[in-house]
Structures are given as structure tokens and as C-alpha cells.
Amino acid sequence: MDKLGRRQFLKLAGGAAGVAAAARAAGGIAAAADEAQVSISRTSRRVRSAAPSTCQLCQARCGIICFVEDDRVVKIEGNPLHPGNRGKLCAKGQAGLNLAYNPDRILYPMRRTGKRGDGGWERITWEDAIDIISARLGEIKASGNRNSFVFQAGTMTMPRFARRFLDAYGTTNAFCSVPSSDTNRLMALAATWGEETEISDLGNARYILNFGANPYETYFYHLPAVQRLIQARIENRAKLVTFDVRLSNTAGKSDEWYAINPGTDGLVALAMGNVIMKEGLHDEEFLSRWTNYSVKDLAAHLSRYTPELAGDISGVPARDIIRLAREFAGDKPATTISGTGVSMRDNGMHSIRSIALLNAITGNIDVKGGYCLPRSYALKEPDPVPPTAGDAPELARSSVLPSKTIAHSVLPLIKKKGAPVGLLLTYMFNPAYSNASSSEVDGILRDERLVSLSVVVDITMSETAALADIVLPDTTYLERWDIETGPALGLVPLISLRQPVIKPLGESRSFNDVCLALAKKDPDTSPYFKFRTVESYFKSLVSGLPGLAKSGGWDYLRDKGVWAGEAAPVYRSYSREGFNTPSRKFEIFSQGLADKDVSPLPVWEPIPEYVKSNGQGLFLVTFKWGVLTSSLAPSKWLSEIVHDNPLWMNPETAKELGIHKGDLVKVSSPAGAIETRVRLTQGIHPRVVAMSGQVGHWGMGRVARAEKFNSQDPDTRLVWWKEHGHGKHANTVMVHSASPVTGAPGWHDNVVKVARV
Ligand code: SF4
């Protein structure tokens, strides 16, 4: 790009408000990069401005810079000021603009005309849409059962503004998903150290035990995590050991890979803890001072988990468990990471507690290079704050620990309850595709006796939107406001701004604006929504941070995109006031779990489905590619890279079943069956088969379905991959099962049959 002076640029901009804002943002970025200038594009010769914002395509929430020409985003890059991603961006983040300009994007509100799911739609006005929804909310309120309004979101966190609206309305049935629907992790860590997640200080670690996570491709904190992992591998010569049923990219780049038996990671962690305690390699000081269980009793509890027992059950040789335990205890600082293959199982909560315990035994809790507490700012909601409607959602009360983060269990719970839901509001969530037992979910969404009015807010006609009564056109993350307070992979708390870098396309409106419009219609909710605009809400949300105000407040955020109040991490943060638990200690023994008749100590329990299968059958696990998620399927760049999902199978297993390379096979379970080709590889455990889960869409627009079509975007005529197949929908054969403790789906506990077609 050619360079243009800032003054010259402002003159050119001619005072147009939008351009001036972009210029201010551009100035901020340029200043950050020590070059106070903006640019014109070398290719288009147009003024190219830059505006910082925050990616929302996965939980890593990277800082981005959006380059805009004529109110059109032409390029997205990483924000070098962001302490998480430090200027880097993954393929998904770069392809975000494909979502904004997808020719099949929904651009105006619609109401169905025929039977639910028949595909007939008519365009309606926003006023009509808001009137219909608020009339239904009024009817529900009049019925006296506000829980008949059910909200489900898949944004990996409850949208702050929506939560305010839902509380003000008074429904407890407000659900969202957490990173990869990882409720078991959240519950486990909350019970252990009072925070719902962990941040492993990978960049400073010397030894990393990886239980089933795949940061080289995909992870809750993908890009910020993997760059720190690579840094540790190069700068610290850190050792990486991976336990995974599949040779993921991370397993392949590890020093050692163990194709562990599924669902046994927690057992290996407990056995390693046993070795460390027995050999006196534990951190006596941390255990005695900062945990709530005696060292002697802990050693006695762990003694039953011998390396030999763990070796027999997990398939990891006992001698390796002993060696790795010694290395983990000796080569400090060390940490663990773990993935959903560990947590999203029936025994996931205990497995995560067992892995956290291993870090505590070795004194690696919240130390440099260790297993750290998350850092974030607690933002004060602007007054008046609505009273919370209740933490235990009415639909989930049959669980021992009712949770609002079990979005993937909401529809089965509605069916189980059998009482009609007056309004189901679905935001950025596609359970008709992404839930297990997807044919059952399809039936629930079609059934007007179970779901009386279904409203979906999305940017494309997802499989769930296609079964709705009203579809509202959402903005993309490039067209709306939000504030993110994490994750802080650099271990300093931060505030990251998401701001509209382009005007919303068509009649799309942010969901925050929808909540504001609905709230203002109801005398019960309107007192809590005195904000003139959504921007003014977010502005007042961060106004209470004195450090930010000193740095320049809202204008600073708009210029730089991110603000981090501390220059460097403060480790052993618990030493000031203790952990956020009832005992103020790291709770090896959880009284909260004991009170609910759940084992208060970390234990290992076998997966019931595996016990039932008695060694027969194959276990199906799904995995994510680094360049695609199911909601990114409309991206032409990403779908061109990944559009198929053969079944990974070990050659030894294939031989037993008479299956050859490339054969068409039928994968079946009680939930359904699919046919796909086999990919033979040594990179999979012999008792496990695996498929990726982001392809095989029947909704989400024509790019996602690999259809070639004419549009203003000439690339849509170049879609070539349909003839190679656009993949199979793996969730068809996943059986929905929910943990009786947390209600979270046991995503990886599926036993399937595979036969040649
Ligand atoms: S890792 Fe990629 S998709 Fe996730 S927030 Fe960062 S840029 Fe976006």
C-alpha cells in the first residue's frame, strides 16, 4: 500500500462521520505501530482505513484490525497491541469477512408461510417482528409462568445485554454454551478453585502434559495458546507429552504420543499423582498451606490408583506413567492442558478435577509457567440492575448441579418435560445441526405442541432457522458492539472492544438492539433499559474502571481496540485473599459436591456406555479441523479447504472387519446411520473411529452445501467440491446422553457399529 499522511487523509475524508471515526481508529493503530499514517490501497487506489475490533469466531477472542474501503471490509489482520494473539490471526479469523458478504446472508426479518420447515417465507418489517414477539412475551407473563420463555445461545458465553434482558423479564430458562459446551470442566474447576476455567501459562512452561487437547489446530484459546506453546517448545525446550485417541496435529508435534483408551485420562492423572506422592516428589508446602485436605489423607486416597491398574485400564504402560510422573514433578515449571475428549464424557467432571489435582500436587498452581487462575475485570452493570431471575434453570432442575451452560441439552429437556414452551428464542446457535441425536432434535423443533413459537436470530438460514416461525437477521461480529473481558492468555486482565467497522448490511440488526427494542416495549423491563443506544450501555459498563479512564476511556478503546491495566502478570494471586472457594483454599475435598452426594474427592469412574458394550463395538469421537467450524461453513475460503469427513480407522480394525482403504462404510448407532468412506491410518486408536464434525450441512446457504451458483460474487461460480462430496453429518449417529450430575452431554461416549456397504 502507498502511504498517505494523516493530515492529508483527514482532508480527503472531508469530515464524513464514519470515515472520521475510521481515521481516528486508524490513527490509533498507526500510533501503536509507531507510524502515524494511514494508507491507500495499492490495488484499488482507494482510501483504506483501519479499525480495531475483536474476533468472535471462537472463544480465543483475538484482537483484530479490519481494513475498510468504501464501507466494505477488505482484509482482517491481528491487532499487535492485543496481549492475547499479539498480532497473529488464524485462517478462520482471516475468513471472517466471508460471513459478512455471503450472498445467502439473511438481510431482513421473515415469517414462515406454510408448515414449519416447509421452506415458505414472507418478508416482514422489524416493527411487525418485534410486535409479534413482545405480544407473546406479554401472554407468557399473563400466564404466570415466565419460565415458558426459553432462551438458548451458542455464543460460548451469555451475551451480557441479553442476560440483563432475560433477568429483567424473569425467566430462569436462559441457556448458553461454554467453550465447546464444556460444562463438566466449568463445574469441576468451580468446585476446585472457585473459577470456571484455567489458563495454562504455556509460554513459560518447561513441561506440558496434554490430555486430549489440540492447540495446534483448535482449542478453546486456539491461536493465543498455540503461539505460546510453540514459544515454549523453542525458547524453553519444553517437553510436550500428549494423551489422545487420535494422532492430532498436536499429538504429531509432541515428544511422546500415547493412544490412550478413551475416557481414562483422569485415571492416568490420578496414578501419576500417586507416584509423585509416594516418591515424596510433591510440593508439601503448597499442599499443606493452600489445600483443604491433609497430605497424608491425599496419599492414602491416591494409593488405590496404582500405575499398574492405570496401565491395564488406560493402555499407557505403567513404566511410562511412573517415568512421566517423575518428569512432571521434576521439570518445573510444568502445566497441563486438556481437551473436550476428556471433559465431555460421563466421567468428565472427575477427570478435570484429577488433572487439576496433579498440578496442585506438584505446586504448579498459578506460578509462572504453571496452571493458572483466569484473570479478568469484573465489570459493574449500570444501575438500575435487574434482580437475577435465579441461577438454577427450571428446565435443568433434575440435574444434581443444574447449569445454564448446557445449551446442547435444552431441546431434549423440553421434550422430557412435555409441557409446551411459549417462546423459544435461539441466538447464534444451531442445535438442529450441532446437537447429538439430530433427528430427535429436528422432531422437537417441528412440534408446535412442544415449541409454540420459535424465533431464531442468525446471519444465515441455519438448519435451526429453517424450522423456525420467525427469523431475524443478525449482524455479523464486524457490525456490532460488545465488550470482552477475556480470556487473558497473557495473564494480565484486559478489556477488548468489539465495534462496528462497517454499517450493518441490509436490515440486519444486532441482537443487543433487538433486546433493547423488546425491553422498551414492556413496563417491567423498560426501567432497566434507559440507554439511548447499545453503544451507550457498553460505554457506561467500562466507565467504572479508573485505570482505563486515565488512559483515555472509551476513546482509547475505540482507537486501540484493547486495554490491559497491568504491564506484567502477578503470579500466586491466591496468596492475597486465598482461592474463591468456601474454605479459601484449593478444594481437593469439595463439601459442595459431598452435599449433593457426588464424590467430594477426585476419582475415576468408567464410562457406563463402554462398560455396557463389554469391549464390543467401536467408540466414535468427533474432532475439529483448524480451519473450519460448523458456523463458518458459509465461508467460501474455508469450505474450499475442508468439505469432506471420511471415517478414520486403524488398519488393524479394518482388517478384522474386512474393510479396505476407501471403502464405503455404514456407521450406525441407536441415533441413526450414515455412510462415508474410510480413511485407514495408524493415527487412531484401534478401538476408536473418528470423524470431523463441521461439514455435511443441508442448510447454512449454498456455499456450505457446496453448490455452484451465480451471484455478485464471481467466486460462487467456482465452487467445485460438490462432486467430491460436501461431507456427512457426523452428529446423526451421536446419541444424546446427559451427565446426571451436570446435565452436560457425554459427547464422546458413543459406541457405534461399522460395516462395509
Ligand atoms: S483463534 Fe482465530 S477464530 Fe479464534 S478468535 Fe482468534 S482469530 Fe478468531
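Everything here concerns the structure above.
In this text the structure is predicted, and so the values were computed from the model without any measurement.

1. Brief notes about the side chain of Thr-629
For step 1, the next point in the chain: Relative to the elements of secondary structure, Thr-629 occurs in the loop between strand 22 (618-623) and helix 27 (636-641).
For step 2, the next point in the chain: For Thr-629, a relative accessible area of 11% corresponds to the buried category.

2. Focus: the pairing of strand 24 (residues 664-669)
For step 1, the next point in the chain: Burial along strand 24 is one-sided: the residues Val-665, Val-667 and Ser-669 are buried and none of Leu-664, Lys-666 and Ser-668 is.
For step 2, the next point in the chain: Both strand 24 and strand 25 (residues 672-680) contribute to a ladder of six bridges, which runs antiparallel. For Val-667, the partnering residue across the bridge sits in strand 25 and is Ile-674.
For step 3, the next point in the chain: Where strand 24 folds back onto strand 25 in an antiparallel hairpin, the turn is made up of two residues.
For step 4, the next point in the chain: Two strands pair when backbone bridges link them, and strand 24 and strand 27 (residues 750-756) are joined in this way by four bridges, in the antiparallel orientation. Residue pairing across strands places Val-667 opposite Val-754, the latter belonging to strand 27.

3. Some remarks on the sheet that holds strand 14 (residues 334-338)
For step 1, the next point in the chain: Read from one edge of the open sheet, four strands run 13-12-11-14, paired in parallel fashion. Two strands bound the open sheet, and with one partner strand each, they are strand 13 (256-258) and strand 14. Adjacent strand axes in the sheet meet at a mean angle of 15 degrees when their direction is disregarded.
For step 2, the next point in the chain: Where strand 11 (residues 207-211) and strand 12 (residues 239-243) come together, five bridges link them in parallel fashion. Counterpart to Tyr-207 in the pairing with strand 12 is Lys-239.
For step 3, the next point in the chain: Lying over the sheet, helix 14 (residues 318-330) contacts strand 11, strand 12, strand 13 and strand 14, oriented at roughly 135 degrees with respect to strand 13.

4. Some details on the state of the cysteines
For step 1, the next point in the chain: The full count for this structure, using the stated rule, is zero disulfides.
For step 2, the next point in the chain: The structure places no disulfide on Cys-176, whose sulfur is separated from the nearest cysteine sulfur, that of Cys-515, by 14 Å.

5. A short note on unusual backbone geometry
For step 1, the next point in the chain: Following Lys-332, the chain continues to Pro-333 via a peptide bond in cis, the omega torsion being 0 degrees.
For step 2, the next point in the chain: Relative to the helices and strands, Pro-333 resides in the loop between helix 14 and strand 14.
For step 3, the next point in the chain: The omega torsion of the bond from Gly-486 to Pro-487 falls at 0 degrees, within 30 degrees of zero and hence cis.
For step 4, the next point in the chain: Of note, Ser-437 is a non-glycine position whose phi angle comes to about 45 degrees, a positive value.
For step 5, the next point in the chain: The topology assignment puts Ser-437 in the loop between helix 18 (431-434) and helix 19 (438-446).
For step 6, the next point in the chain: Look at Ser-437 and you get buried, because its relative accessible area is 9%.
For step 7, the next point in the chain: Although it is not a glycine, Ala-706 sits at a positive phi angle of roughly 60 degrees.
For step 8, the next point in the chain: Tracing the backbone shows Ala-706 in the loop between helix 29 (701-704) and strand 27.
For step 9, the next point in the chain: Accessibility expressed as a relative area gives 1% for Ala-706, which makes it buried.

6. Observations concerning the environment of Asp-469
For step 1, the next point in the chain: Among the secondary structure elements, Asp-469 is positioned in the loop between strand 17 (454-458) and strand 18 (470-473).
For step 2, the next point in the chain: Accessibility expressed as a relative area gives 6% for Asp-469, which makes it buried.
For step 3, the next point in the chain: Setting aside its immediate chain neighbours within four residues, Asp-469 contacts Met-110, Arg-111, Arg-112, Arg-116, Trp-121, Ser-452, Leu-453 and Ser-454.
For step 4, the next point in the chain: For Asp-469, the side chain forms a polar contact with the side chain of Arg-116, separated by 2.7 Å.
For step 5, the next point in the chain: A polar contact of 2.7 Å, which involves the side chain of Asp-469, links it to the backbone nitrogen of Ser-454.

Definitions and cut-offs
Residues numbered from 1 in each chain as written. Predicted model: local features only at pLDDT ≥ 70, side-chain atom pairs only at ≥ 80, totals over all residues. Heavy atoms only, no water. Helix = DSSP H or I, 4+ residues; strand = E, 2+ residues; numbered from the N terminus. Buried < 20%, exposed > 50% of the residue type's maximum accessible area, 1.4 Å probe, protein only. Pairing = 2+ DSSP bridges. Axes fitted to C-alpha atoms, helices over the stretch in contact; angles between N-to-C directions. Contact = heavy atoms within 4.5 Å. Disulfide = S-S within 2.5 Å. Polar contact = N/O pair within 3.5 Å; in protein donor to acceptor, adjacent residues only side chain to side chain.

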